[in-house]
Amino acid sequence: MSVSYSLGQDSEVARRSWLRRYCDALGVASLKDLESRCTRALLRAIAETGNPSKLPIRLAPVLDRFQICRHIEAIVSGWASEVEGFGVPPSLFDEAGCRFVRGGHEGEIYYNERLGQFVIRIRQPCAARDRNRLRFTFAHEVAHRLFFVSEGNRWVRAVVRVSEELPEEFRTQARWYLGRVEEKLCNRIARRVLIPDTLLATVWPVDRWFAEEKRFADELLHNAAVFGVSPITLLVRLKDVSRPVRETGHFAVWACARYGERGLSPWPTARIITGFGPERVGDTSVPWYPGLDLHSRWPLVADLVRGQITSGRLEGHFALTVSQRSGTAIQWEGWWRAMPSARNQAETALLLWGRLRVAGHNGVPRVGRSTNNSTGEAGD
Ligand SMILES: [Zn+2]
């Protein structure tokens, strides 16, 4: 092979070349094509095996079409159960005495040569794990199935084939890089399959939700339940389709706040996990994470993080002014609500939504205070 790879300043060139090989192996022109092709294939199969507008979307009926075994394996050895209901059997949660693999990956799919089928493994969840998150993991693993290529009478991952064709010194890096690309694509495909564009347009007229202003969180939670996904999954999905909202200055973000971890860090942290909103307001760019330092600018977040506000339904109105380097200040104004964090009980999740506007050009940072207190009552 005459192509020479050298990472460092040429790493971008190398990555592009790996991506090229990856797309070639999968028979697509680009990653965008790959995402659309996989999404379409799954949605078409769903439409052909049942009522495509029935929510929540179920993937169990389409498994045969993709040569995926109807038995799910847990990521603990020697345990399997029949697929039923929404895809993963409830017994997977209930099985007592089953060994629990702590800290393992959420799921995986592999080609089982003996069965001549793909087999999905799902990490056995702890009691608090929610069903919707598991549905997402399952859809993500089904999406991975479409990233295998046939080789004789078996199937191998395109990532593995491509990286094995490279000179030895680049294999690990290429596999890691392409693996990350694939993870992101599978997440996107899972979201687009569980929350299809067509249904989103009818079930979720985004601008109407914002018109409801304070009720946005209720709408998000309600519709997440209708789609059978977690609210954060729905919020991430909305980024793809929320252009009209972006243009009106509306935003919705999911932030996570935590106070240290096992006492290791004495500092509270709050970071925006995901969300959407305008990138610019007027001629000023919006300070998204890491530009928006929530906990130091907003005392209520600091209180939440320190655990001083821990129970009840917590929500309220807030106004937060963030000064830009340019001297322009942007006001974030709207509502917040503390949400359950499925991922980590040490974290407090916050949903913030509302509207952004230019607040002035004085260049003096001002800190907004929440207009409600810690009693858990909504302020207006
Ligand atoms: Zn994955």
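Values in this document were obtained by computation on a predicted structure and should not be read as measured data.

Asks: Which residues make up the confidence of the model for the chain, and what values do they have?
Replies: On average, the chain scores 76 in pLDDT, and the residues at 70 or more come to 69%. Here residues 1-5 is modelled with pLDDT under 50, and outside its nearest four sequence neighbours on either side it reaches four contacts, counting other chains as well.

Asks: Residue-level account of the pairing of strand β11 (residues 315-323), with values.
Replies: Bridge count for β11 against strand β12 (residues 329-339) is nine bridges, and the pairing is antiparallel. Counted as the bridge partner of T321 is Q331 from β12.

Asks: I'd love a proper account of the nonpolar core, names of residues and values included.
Replies: Core analysis: the biggest nonpolar cluster contains 86 residues, and A139, A190, L194, L235, A255, L350 and L351 have the highest contact counts within it. The biggest single contributor to this core is helix α6 (residues 168-194), with eight residues. Formed jointly, this core draws a minimum of three residues from each of two domains, domain 1 (11-194) and domain 2 (205-360). Among residues more than four places away in sequence, those in contact with A139 are L59, A190, V193 and L194.

Asks: So what about the packing of helix α2 (residues 31-49) against α6? Which residues, and what values?
Replies: The interhelical angle for the contact between α2 and α6, taken along N-to-C directions, is 40 degrees, at an axis separation of 9 Å. Taken together, the axis directions place α2 and α6 in an arrangement best described as oblique. Crossing of α2 against α6: the hand is right-handed. Residues L31, L34, E35, C38, T39, L42 and L43 of α2 form the contact with α6, whose participating residues are V181, L185, R188, I189, R192 and V193. Looking at side-chain class alone, the contact of α2 with α6 contains nine nonpolar, one polar and three charged residues.

Rules used throughout
- Residues numbered from 1 in each chain as written.
- Predicted model: local features only at pLDDT ≥ 70, side-chain atom pairs only at ≥ 80, totals over all residues.
- pLDDT = per-residue confidence, 0-100.
- Contact = placed C-beta atoms within 7 Å.
- Pairing = 2+ DSSP bridges.
- Helix = DSSP H or I, 4+ residues; strand = E, 2+ residues; numbered from the N terminus.
- Core = buried A, V, L, I, M, F, W, Y, C linked by C-beta atoms within 7 Å.
- Buried ≥ 20, exposed ≤ 12 C-beta atoms within 10 Å, placed from the backbone.
- Domains from an automatic or database assignment.
- Axes fitted to C-alpha atoms, helices over the stretch in contact; angles between N-to-C directions.
- Parallel < 35°, antiparallel > 145°, perpendicular 65-115°, else oblique.
- Left-handed = near helix turned anticlockwise from the far one by under 90°.
- Nonpolar A, V, L, I, M, F, W, Y, C, P; charged D, E, K, R; others polar.

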